[in-house]
Amino acid sequence: MGTVIHPRVQEELLLCQRSFLHFCRWLKIVDKSAGDEHSNSPKLVSLRPNFAQLKWLDAGERCPWTYTLKSRKEGLSTIIAARYFWRAFLNPEHKVLVVSETDETAMEIFEIYKRYWRNLPEAFREAIPAIQEDKHTLKWVHEGEVSCRTQGGSFRGGTRQSLHFSEFAFYPDIDRTISDAFSVAADYAEVALETTSGGINRAHQLWVDDGPYEKIFIPWAINPGNTLDEYECSMVPELRERFDAWCDGHALSFEQRNWARSRLMMMCGGQWLVFMRNYPLT
């Protein structure tokens, strides 16, 4: 793998190469329960895939092309980045392309990759050193590589074995962006499309049509952590009536209702359609 490696390190790297879930013990994510994830020194913990993330991994075992329609903040970018980082770091010449809606979101996803890299054990980093780490690209000595780009940009330059399209329902020209990126895809490439709902558009058509993708729907209610013991806020009567009827229709628990109410009012500004798009149940 590029240099003289201690036998124990070599053995562990081989175990990691054989098992993604084994490798996850070395991947660090921000512990959101510990406070502000954007603080100067957020608490980091090892990645332990949650139910939604495991659902995506299971689907990927059935088909290398997945299309995930999801609620916000269920950790899909985190798990896709983890799997593709695993591929690129431990497999020579494996190249990953991440395509995002905006430069800001591309950098947010790329920060996940950089956090994984910077928090690996020093012995791993010495065994497989990076030769490039800039605003858009992370590349190792064995030519494994991750690059993050904004939709609408150029994807030329080399063949990519893994492609991740983040929030693709919001690309101005979905077909053109995907076809341009596919022009550099290997014949056996893994492809992950993931998005929250963008309305009745091309992404919706791809969802309802028969096609090559394994389709995964991840509603927020499958996450047992999406509950609140208490949450009270004022709501106009019409909105409260609609919200209560929706909760009753889905048989939500008291704690799930509190969580949903907090997202509707705090994260969506009381806008019902925005809430339905970002936190769907069906």
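Everything numeric here is computed off the predicted structure, so don't read it as measured data.

Engineer: Kindly report on the overall build of the protein chain, identifying the contributing residues and their values.
Structural biologist: Helix and strand counts for the protein chain stand at 11 helices and 10 strands. Relative to a compact globule of 282 residues, whose C-alpha radius of gyration would be 19 Å, the protein chain shows 20 Å and is just as compact. Taken along its principal axes, the extent of the C-alpha atoms in the protein chain is 70 × 40 × 35 Å. Counting only residues that meet the buried cut, the protein chain has 46% of its 282 residues in that class. Looking at the protein chain alone, contacts between residues at least 24 apart form 71% of all its contacts between residues at least 6 apart.

Engineer: Lay out the packing of aromatic side chains with the relevant residues and their values.
Structural biologist: For the structure shown, the criterion picks out 24 aromatic pairs. Ring centres 5.6 Å apart and planes at 65° place the aromatic pair phenylalanine 89 and tryptophan 140 in the edge-to-face group. Taken together, the positions of phenylalanine 89 in helix α4 (residues 76-90) and tryptophan 140 in strand β6 (residues 137-140) put the pair 51 residues apart, joining distant regions of the chain. The buried category is assigned to phenylalanine 89, whose relative accessible area is 0%. With a relative accessible area of 0%, tryptophan 140 lands in the buried category.

Rules used in this analysis
- Residues numbered from 1 in each chain as written.
- Predicted model: local features only at pLDDT ≥ 70, side-chain atom pairs only at ≥ 80, totals over all residues.
- Heavy atoms only, no water.
- Helix = DSSP H or I, 4+ residues; strand = E, 2+ residues; numbered from the N terminus.
- Rg over C-alpha atoms; globule rule 2.2 N^0.38 Å.
- Buried < 20%, exposed > 50% of the residue type's maximum accessible area, 1.4 Å probe, protein only.
- Contact = heavy atoms within 4.5 Å.
- Phe/Tyr/Trp six-rings, centres within 6.5 Å; stacked < 30°, edge-to-face > 60°.

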